[in-house]
Amino acid sequence: MKRKKVIIDCDPGIDDSLAIMLALSSEELEVVGITIVAGNAPVQMGYENARKVLQFLGRLDIPVLIGADRPLKRPFVNALDTHGPDGLGDSQLPLVPSDAFSQQPISAREFFEKVLPCGSVSIIALGPMTNLAVLAKQSPEVFGQIDEIVSMGGAFRSHGNCSPVAEYNYWCDPDAAAIVYEEMDRRSKKIHMVGLDVTRKIVLTPDLLAYMKRLNPETGSFIEKITKFYFDFHWEWEHLIGCVINDPLAVAYFVNRDLCRGFDSYVQIETEGIAMGQSIVDKMHFYRHSSNAVVLTEVDTFSFFRLFLTRVLRLSEEPDLLGQILRC
Ligand code: RIB
Ligand code: CA
(Lines give C-alpha, C1' and ligand atoms only; values in the text may rest on other atoms or scores of the structure.)
(Ligands and ions follow the chains in the order given, each with its own letter.)
Protein backbone atom coordinates (compact mmCIF):
# COMPACT_ATOMS: atom_id res chain seq x y z
CA MET A 1 0.00 0.00 0.00
CA LYS A 2 1.36 3.46 -0.90
CA ARG A 3 1.35 5.45 2.33
CA LYS A 4 -0.01 8.99 2.19
CA LYS A 5 2.48 11.63 3.35
CA VAL A 6 1.03 14.02 5.92
CA ILE A 7 2.16 16.86 8.10
CA ILE A 8 0.14 17.25 11.28
CA ASP A 9 -0.19 20.94 12.16
CA CYS A 10 -1.47 21.08 15.70
CA ASP A 11 -1.66 22.73 19.12
CA PRO A 12 -1.22 19.85 21.63
CA GLY A 13 -3.47 19.86 23.46
CA ILE A 14 -5.15 16.71 24.72
CA ASP A 15 -7.19 15.78 21.66
CA ASP A 16 -4.31 16.76 19.37
CA SER A 17 -2.21 14.22 21.28
CA LEU A 18 -4.82 11.51 20.72
CA ALA A 19 -4.82 12.46 17.04
CA ILE A 20 -1.03 12.08 16.88
CA MET A 21 -1.38 8.63 18.50
CA LEU A 22 -3.96 7.63 15.89
CA ALA A 23 -1.94 8.97 12.97
CA LEU A 24 1.20 7.12 14.05
CA SER A 25 -0.71 3.88 14.42
CA SER A 26 -2.31 4.15 10.96
CA GLU A 27 -0.28 2.32 8.36
CA GLU A 28 -1.92 4.28 5.57
CA LEU A 29 -0.08 7.39 6.73
CA GLU A 30 3.53 8.49 6.67
CA VAL A 31 3.75 11.33 9.18
CA VAL A 32 6.67 13.31 7.77
CA GLY A 33 6.50 15.94 10.50
CA ILE A 34 4.51 17.64 13.22
CA THR A 35 4.31 21.42 13.12
CA ILE A 36 3.21 23.32 16.20
CA VAL A 37 1.05 26.42 16.36
CA ALA A 38 -0.02 28.56 19.32
CA GLY A 39 -3.54 27.52 20.30
CA ASN A 40 -4.62 25.31 23.17
CA ALA A 41 -1.14 25.87 24.58
CA PRO A 42 1.66 28.35 23.94
CA VAL A 43 3.81 27.11 21.07
CA GLN A 44 6.83 26.01 23.16
CA MET A 45 4.51 24.04 25.48
CA GLY A 46 2.85 22.49 22.45
CA TYR A 47 6.28 21.50 21.13
CA GLU A 48 7.18 19.88 24.46
CA ASN A 49 3.83 18.07 24.61
CA ALA A 50 4.24 16.68 21.12
CA ARG A 51 7.63 15.30 22.14
CA LYS A 52 6.13 13.77 25.29
CA VAL A 53 3.59 11.90 23.17
CA LEU A 54 6.24 10.85 20.65
CA GLN A 55 8.43 9.56 23.46
CA PHE A 56 5.54 7.45 24.79
CA LEU A 57 5.06 6.08 21.27
CA GLY A 58 8.77 5.48 20.79
CA ARG A 59 8.70 7.79 17.77
CA LEU A 60 11.13 10.55 18.59
CA ASP A 61 12.32 10.10 15.01
CA ILE A 62 9.40 12.27 13.88
CA PRO A 63 10.54 15.89 13.51
CA VAL A 64 8.58 18.46 15.52
CA LEU A 65 8.87 22.03 14.19
CA ILE A 66 7.89 25.19 15.99
CA GLY A 67 5.59 27.58 14.15
CA ALA A 68 3.64 30.71 14.97
CA ASP A 69 3.62 31.79 18.59
CA ARG A 70 0.54 34.01 18.18
CA PRO A 71 -2.35 34.68 15.80
CA LEU A 72 -1.84 36.95 12.79
CA LYS A 73 -3.67 39.92 14.26
CA ARG A 74 -5.74 39.04 17.29
CA PRO A 75 -4.31 38.79 20.80
CA PHE A 76 -3.42 35.18 21.63
CA VAL A 77 -5.98 33.41 23.81
CA ASN A 78 -4.96 29.89 24.83
CA ALA A 79 -7.26 27.08 25.99
CA LEU A 80 -5.30 25.89 29.03
CA ASP A 81 -8.53 26.12 31.02
CA THR A 82 -9.66 23.14 28.95
CA HIS A 83 -6.38 21.31 28.46
CA GLY A 84 -4.75 21.85 31.87
CA PRO A 85 -1.88 24.08 33.03
CA ASP A 86 0.64 21.95 31.11
CA GLY A 87 -1.60 21.65 28.04
CA LEU A 88 -1.70 17.87 28.54
CA GLY A 89 -4.38 17.41 31.15
CA ASP A 90 -2.15 18.47 34.06
CA SER A 91 -0.49 15.06 33.67
CA GLN A 92 2.85 16.73 34.40
CA LEU A 93 4.71 14.22 32.25
CA PRO A 94 8.46 14.81 32.33
CA LEU A 95 10.01 16.88 29.57
CA VAL A 96 11.78 14.86 26.92
CA PRO A 97 15.49 15.42 27.56
CA SER A 98 17.14 17.33 24.73
CA ASP A 99 19.73 14.54 24.24
CA ALA A 100 16.88 12.21 23.27
CA PHE A 101 15.69 14.56 20.61
CA SER A 102 17.61 17.29 18.82
CA GLN A 103 15.62 20.49 18.53
CA GLN A 104 14.83 20.97 14.89
CA PRO A 105 17.00 23.82 13.50
CA ILE A 106 14.28 25.07 11.20
CA SER A 107 10.86 26.64 11.66
CA ALA A 108 7.54 25.15 10.64
CA ARG A 109 7.44 27.40 7.58
CA GLU A 110 10.94 26.39 6.52
CA PHE A 111 9.91 22.76 6.98
CA PHE A 112 6.84 23.32 4.78
CA GLU A 113 9.08 24.95 2.14
CA LYS A 114 11.46 22.00 2.28
CA VAL A 115 8.93 19.17 2.23
CA LEU A 116 5.87 20.35 0.30
CA PRO A 117 7.62 20.82 -3.07
CA CYS A 118 8.34 17.07 -3.00
CA GLY A 119 4.66 16.76 -3.89
CA SER A 120 1.82 14.58 -2.63
CA VAL A 121 2.06 15.87 0.94
CA SER A 122 -1.19 16.72 2.72
CA ILE A 123 -1.80 18.68 5.88
CA ILE A 124 -4.06 17.63 8.71
CA ALA A 125 -4.68 20.92 10.54
CA LEU A 126 -5.80 20.47 14.14
CA GLY A 127 -5.22 23.94 15.55
CA PRO A 128 -5.56 27.58 14.57
CA MET A 129 -4.44 27.88 10.94
CA THR A 130 -1.78 30.54 11.53
CA ASN A 131 1.08 28.43 10.14
CA LEU A 132 -0.85 27.72 6.95
CA ALA A 133 -1.83 31.36 6.49
CA VAL A 134 1.79 32.51 6.95
CA LEU A 135 2.86 29.97 4.33
CA ALA A 136 0.11 31.09 1.93
CA LYS A 137 1.18 34.71 2.21
CA GLN A 138 4.96 34.27 2.26
CA SER A 139 5.34 31.26 -0.04
CA PRO A 140 2.15 31.06 -2.12
CA GLU A 141 3.67 28.69 -4.64
CA VAL A 142 4.57 26.24 -1.87
CA PHE A 143 1.09 26.58 -0.34
CA GLY A 144 -0.30 25.66 -3.76
CA GLN A 145 1.67 22.40 -3.65
CA ILE A 146 -0.22 21.08 -0.61
CA ASP A 147 -2.05 18.01 -1.81
CA GLU A 148 -5.06 18.16 0.55
CA ILE A 149 -5.99 20.04 3.70
CA VAL A 150 -8.22 18.40 6.29
CA SER A 151 -9.04 20.92 9.01
CA MET A 152 -10.60 20.25 12.38
CA GLY A 153 -12.45 23.51 12.78
CA GLY A 154 -15.57 25.50 12.21
CA ALA A 155 -19.22 24.62 12.56
CA PHE A 156 -22.16 24.56 10.18
CA ARG A 157 -25.34 24.04 12.20
CA SER A 158 -23.70 23.13 15.51
CA HIS A 159 -23.26 25.94 18.02
CA GLY A 160 -19.80 27.26 18.71
CA ASN A 161 -17.53 26.41 21.63
CA CYS A 162 -15.96 29.87 22.00
CA SER A 163 -19.02 31.97 21.18
CA PRO A 164 -22.55 31.12 20.11
CA VAL A 165 -21.26 30.62 16.57
CA ALA A 166 -17.46 30.17 16.61
CA GLU A 167 -15.29 27.09 17.08
CA TYR A 168 -11.95 27.59 18.89
CA ASN A 169 -9.45 26.98 16.05
CA TYR A 170 -11.16 29.48 13.75
CA TRP A 171 -11.99 31.87 16.62
CA CYS A 172 -8.43 31.93 17.99
CA ASP A 173 -7.08 33.11 14.63
CA PRO A 174 -9.99 34.08 12.35
CA ASP A 175 -7.75 36.06 10.00
CA ALA A 176 -5.63 32.97 9.34
CA ALA A 177 -8.66 30.78 8.77
CA ALA A 178 -10.12 33.37 6.39
CA ILE A 179 -6.88 33.52 4.41
CA VAL A 180 -6.66 29.74 4.08
CA TYR A 181 -10.24 29.43 2.85
CA GLU A 182 -9.70 32.36 0.44
CA GLU A 183 -6.46 30.87 -0.87
CA MET A 184 -8.10 27.49 -1.40
CA ASP A 185 -10.90 29.29 -3.27
CA ARG A 186 -8.39 31.16 -5.46
CA ARG A 187 -6.88 27.79 -6.44
CA SER A 188 -10.27 26.15 -6.98
CA LYS A 189 -9.37 23.62 -4.27
CA LYS A 190 -11.50 22.37 -1.39
CA ILE A 191 -10.54 22.18 2.27
CA HIS A 192 -12.24 19.40 4.20
CA MET A 193 -13.93 21.04 7.19
CA VAL A 194 -14.27 18.54 10.04
CA GLY A 195 -16.29 20.82 12.28
CA LEU A 196 -18.23 20.62 15.49
CA ASP A 197 -21.26 19.20 13.65
CA VAL A 198 -19.40 15.88 13.47
CA THR A 199 -16.76 16.08 16.22
CA ARG A 200 -19.35 16.70 18.95
CA LYS A 201 -20.54 13.14 18.31
CA ILE A 202 -17.10 11.75 19.16
CA VAL A 203 -17.32 11.42 22.94
CA LEU A 204 -14.77 9.33 24.82
CA THR A 205 -16.80 7.96 27.72
CA PRO A 206 -15.68 6.41 31.03
CA ASP A 207 -16.90 3.01 29.79
CA LEU A 208 -14.88 3.28 26.60
CA LEU A 209 -11.81 4.36 28.57
CA ALA A 210 -12.24 1.47 31.02
CA TYR A 211 -12.50 -0.94 28.08
CA MET A 212 -9.39 0.61 26.51
CA LYS A 213 -7.45 0.10 29.74
CA ARG A 214 -8.47 -3.58 29.75
CA LEU A 215 -7.48 -4.08 26.14
CA ASN A 216 -4.13 -2.31 26.46
CA PRO A 217 -3.30 -1.28 30.05
CA GLU A 218 -0.23 0.79 29.16
CA THR A 219 -1.81 2.86 26.41
CA GLY A 220 -5.18 3.00 28.14
CA SER A 221 -3.55 4.32 31.31
CA PHE A 222 -1.59 6.92 29.33
CA ILE A 223 -4.81 8.14 27.71
CA GLU A 224 -6.54 8.16 31.10
CA LYS A 225 -3.68 10.25 32.52
CA ILE A 226 -3.92 12.94 29.84
CA THR A 227 -7.73 13.02 29.62
CA LYS A 228 -8.81 13.12 33.29
CA PHE A 229 -8.66 16.94 33.34
CA TYR A 230 -10.66 16.99 30.09
CA PHE A 231 -13.36 14.72 31.60
CA ASP A 232 -13.64 17.07 34.58
CA PHE A 233 -13.84 20.11 32.28
CA HIS A 234 -16.68 18.58 30.25
CA TRP A 235 -18.67 17.72 33.37
CA GLU A 236 -18.14 21.18 34.84
CA TRP A 237 -19.03 23.15 31.70
CA GLU A 238 -21.39 20.90 29.78
CA HIS A 239 -22.55 18.36 32.39
CA LEU A 240 -21.27 15.78 29.93
CA ILE A 241 -19.98 12.43 31.23
CA GLY A 242 -17.03 11.96 28.90
CA CYS A 243 -14.97 14.25 26.70
CA VAL A 244 -15.33 15.37 23.09
CA ILE A 245 -12.17 14.28 21.24
CA ASN A 246 -12.35 16.48 18.16
CA ASP A 247 -8.95 16.07 16.53
CA PRO A 248 -8.71 12.28 16.14
CA LEU A 249 -11.78 12.43 13.88
CA ALA A 250 -9.89 14.61 11.41
CA VAL A 251 -7.14 11.97 11.22
CA ALA A 252 -9.63 9.11 10.97
CA TYR A 253 -11.52 10.93 8.21
CA PHE A 254 -8.28 11.51 6.31
CA VAL A 255 -7.67 7.75 6.47
CA ASN A 256 -11.25 6.68 5.71
CA ARG A 257 -13.48 9.25 3.99
CA ASP A 258 -16.49 6.98 4.43
CA LEU A 259 -16.54 7.83 8.14
CA CYS A 260 -18.14 11.19 7.43
CA ARG A 261 -20.62 12.60 4.95
CA GLY A 262 -21.30 16.18 3.97
CA PHE A 263 -21.52 18.52 0.99
CA ASP A 264 -19.45 20.87 -1.12
CA SER A 265 -19.99 24.52 -0.32
CA TYR A 266 -18.52 28.00 -0.41
CA VAL A 267 -17.25 28.89 3.05
CA GLN A 268 -16.03 32.23 4.36
CA ILE A 269 -14.70 32.99 7.84
CA GLU A 270 -15.90 36.06 9.69
CA THR A 271 -12.89 37.95 11.05
CA GLU A 272 -14.43 40.55 13.33
CA GLY A 273 -17.45 41.56 15.33
CA ILE A 274 -19.97 39.51 17.22
CA ALA A 275 -19.63 36.51 14.89
CA MET A 276 -15.83 36.57 14.74
CA GLY A 277 -14.49 33.13 13.82
CA GLN A 278 -17.79 31.85 12.45
CA SER A 279 -17.56 29.61 9.38
CA ILE A 280 -20.24 30.98 7.06
CA VAL A 281 -21.40 28.00 5.00
CA ASP A 282 -23.33 29.01 1.87
CA LYS A 283 -25.26 25.76 1.57
CA MET A 284 -28.15 27.45 -0.27
CA HIS A 285 -25.70 28.92 -2.81
CA PHE A 286 -26.83 32.53 -2.25
CA TYR A 287 -23.48 33.86 -3.45
CA ARG A 288 -23.40 31.70 -6.59
CA HIS A 289 -19.74 31.04 -5.73
CA SER A 290 -17.85 27.85 -6.53
CA SER A 291 -17.15 25.59 -3.57
CA ASN A 292 -13.91 25.89 -1.59
CA ALA A 293 -14.82 23.37 1.06
CA VAL A 294 -16.24 19.95 1.79
CA VAL A 295 -18.35 20.54 4.90
CA LEU A 296 -18.80 17.35 6.95
CA THR A 297 -22.11 17.03 8.77
CA GLU A 298 -22.63 13.32 9.51
CA VAL A 299 -20.31 10.80 11.15
CA ASP A 300 -20.37 7.05 11.73
CA THR A 301 -19.42 7.26 15.41
CA PHE A 302 -19.37 3.50 15.89
CA SER A 303 -16.96 2.96 13.00
CA PHE A 304 -14.77 5.80 14.23
CA PHE A 305 -14.32 4.27 17.69
CA ARG A 306 -13.79 0.80 16.21
CA LEU A 307 -10.97 2.24 14.09
CA PHE A 308 -9.61 4.42 16.93
CA LEU A 309 -9.41 1.61 19.49
CA THR A 310 -8.08 -0.98 17.04
CA ARG A 311 -5.23 1.24 15.95
CA VAL A 312 -4.32 3.25 19.05
CA LEU A 313 -4.41 0.12 21.23
CA ARG A 314 -2.69 -1.86 18.46
CA LEU A 315 -5.25 -4.65 18.68
CA SER A 316 -4.88 -7.77 16.57
CA GLU A 317 -8.66 -7.84 16.03
CA GLU A 318 -11.45 -5.27 16.23
CA PRO A 319 -12.87 -4.59 19.70
CA ASP A 320 -16.32 -5.88 20.70
CA LEU A 321 -17.78 -2.41 21.09
CA LEU A 322 -21.38 -3.57 20.84
CA GLY A 323 -20.93 -6.38 23.33
CA GLN A 324 -18.80 -4.49 25.80
CA ILE A 325 -20.12 -0.94 25.59
CA LEU A 326 -23.60 -1.03 24.14
CA ARG A 327 -24.40 -4.58 25.36
CA CYS A 328 -26.53 -5.35 22.38
O1 RIB B 1 -12.57 23.46 18.96
C2 RIB B 1 -11.83 22.29 19.15
C3 RIB B 1 -10.47 22.43 18.58
O4 RIB B 1 -9.78 23.49 19.25
C5 RIB B 1 -9.59 21.19 18.80
O6 RIB B 1 -8.66 21.10 17.77
C7 RIB B 1 -8.91 21.49 20.10
O8 RIB B 1 -7.68 20.78 20.23
C9 RIB B 1 -8.65 22.97 19.95
O10 RIB B 1 -7.47 23.13 19.14
CA1 CA C 1 -6.31 21.06 18.37
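In this text the structure is predicted, and so the values were computed from the model without any measurement.

**Q** What exactly am I supposed to notice about the coordination of the calcium ion (ligand 2) here?
**A** A metal bound by six donors in octahedral fashion has ideal angles of 90 or 180 degrees, whereas one bound by four tetrahedral donors has an ideal angle of 109.5 degrees. Each protein donor to the calcium ion (ligand 2) is listed here as Asp11 (OD), Asp16 (OD), Asp16 (OD), Leu126 (O) and Asp247 (OD); together their distances run 2.2 to 2.6 Å. Each donor residue of the calcium ion (ligand 2) belongs to the same chain, and together they define the spacing D-x4-D-x109-L-x120-D. In this structure, aspartate 11 and aspartate 16 share a single accessibility class: buried.

**Q** In this structure, what is going on with the pattern of salt bridges? I would like to understand it.
**A** Any two side chains of opposite charge can pair, so long as their charged atoms come close to each other. What the rule picks out here adds up to 14 salt bridges. Put simply, lysine 228 and aspartate 232 hold a salt bridge, and the shortest N to O gap is 2.9 Å. Residue lysine 228 and its partner aspartate 232 are both found in helix H11 (residues 217-238); the two are separated by four residues, about one turn of the helix. By relative accessible area, which is 41% here, aspartate 232 ends up partly exposed. Salt-bridge contacts for arginine 261 lead to glutamate 298; the nearest nitrogen and oxygen are separated by 4.0 Å. Of this pair, arginine 261 sits in strand E9 (residues 260-265) while glutamate 298 sits in strand E12 (residues 293-299), placing them 37 residues apart in sequence. In this structure arginine 261 comes out as exposed when scored by relative accessible area, which is 56%. Three or more residues are tied together by salt bridges with common partners; here these are Lys137, Glu183, Arg186 and Arg187.

**Q** Explanation requested: the packing of aromatic side chains in the structure shown.
**A** Aromatic ring pairs are described here by two measures, namely the spacing of the ring centres and the angle between the planes. Inspection of the entire model under this criterion finds nine aromatic pairs. An angle of 10° between the planes, with centres 4.0 Å apart, marks the rings of phenylalanine 56 and phenylalanine 222 as stacked. Linking phenylalanine 56 in helix H2 (residues 43-57) with phenylalanine 222 in helix H11, this pair joins segments that are 166 residues apart in sequence. Residue classification places phenylalanine 56 among the partly exposed residues on the basis of a relative accessible area of 23%. A relative accessible area of 6% means that phenylalanine 222 is categorised as buried. Aromatic side chains phenylalanine 304 and phenylalanine 308 sit 5.5 Å apart centroid to centroid with 15° between the ring planes, which places their arrangement in the stacked category. Taken together, the residues span about one helical turn, with phenylalanine 304 and phenylalanine 308 both in helix H13 (residues 301-312) at a distance of four residues. Taking relative accessible area as the criterion, phenylalanine 308 reaches 0% and is therefore assigned buried. The structure contains a cluster of three or more aromatic residues connected by ring pairs, namely Phe304, Phe305 and Phe308. A cation over an aromatic ring shows up here: lysine 4 above the ring of phenylalanine 254, its NZ or CZ 5.1 Å from the ring centre. We note lysine 283 situated over the ring of phenylalanine 263; from NZ or CZ to the ring centre the distance is 4.3 Å.

**Q** So what exactly am I meant to see when it comes to the site of ligand 1 here?
**A** The local shell around ligand 1 consists of Asp11, Asp15, Asp16, Asn40, Leu126, Met152, Asn161, Glu167, Tyr168, Asn169, Asn246 and Asp247. Here an oxygen atom of ligand 1 and a backbone polar atom of leucine 126 are 2.8 Å apart. Here asparagine 169 contributes a side-chain N or O atom positioned 2.7 Å from an oxygen atom of ligand 1. Elements represented by at least two residues in the shell around ligand 1 include exactly helix H1 (14-23), helix H7 (168-172) and helix H12 (246-255). Split into classes, the residues belonging to the shell around ligand 1 amount to three nonpolar, four polar and five charged.

About the thresholds
Residues numbered from 1 in each chain as written. Chains lettered and ligands numbered in written order. Predicted model: local features only at pLDDT ≥ 70, side-chain atom pairs only at ≥ 80, totals over all residues. Heavy atoms only, no water. Donors = N, O, S within 2.8 Å, 3.2 Å for Na, K, Ca; no water. Buried < 20%, exposed > 50% of the residue type's maximum accessible area, 1.4 Å probe, protein only. Salt bridge = Lys/Arg side-chain N within 4 Å of Asp/Glu carboxyl O. Helix = DSSP H or I, 4+ residues; strand = E, 2+ residues; numbered from the N terminus. Phe/Tyr/Trp six-rings, centres within 6.5 Å; stacked < 30°, edge-to-face > 60°. Lys NZ or Arg CZ within 6 Å of the ring centre and 35° of its normal. Near = heavy atom within 4 Å. Polar contact = N/O pair within 3.5 Å; in protein donor to acceptor, adjacent residues only side chain to side chain. Nonpolar A, V, L, I, M, F, W, Y, C, P; charged D, E, K, R; others polar.

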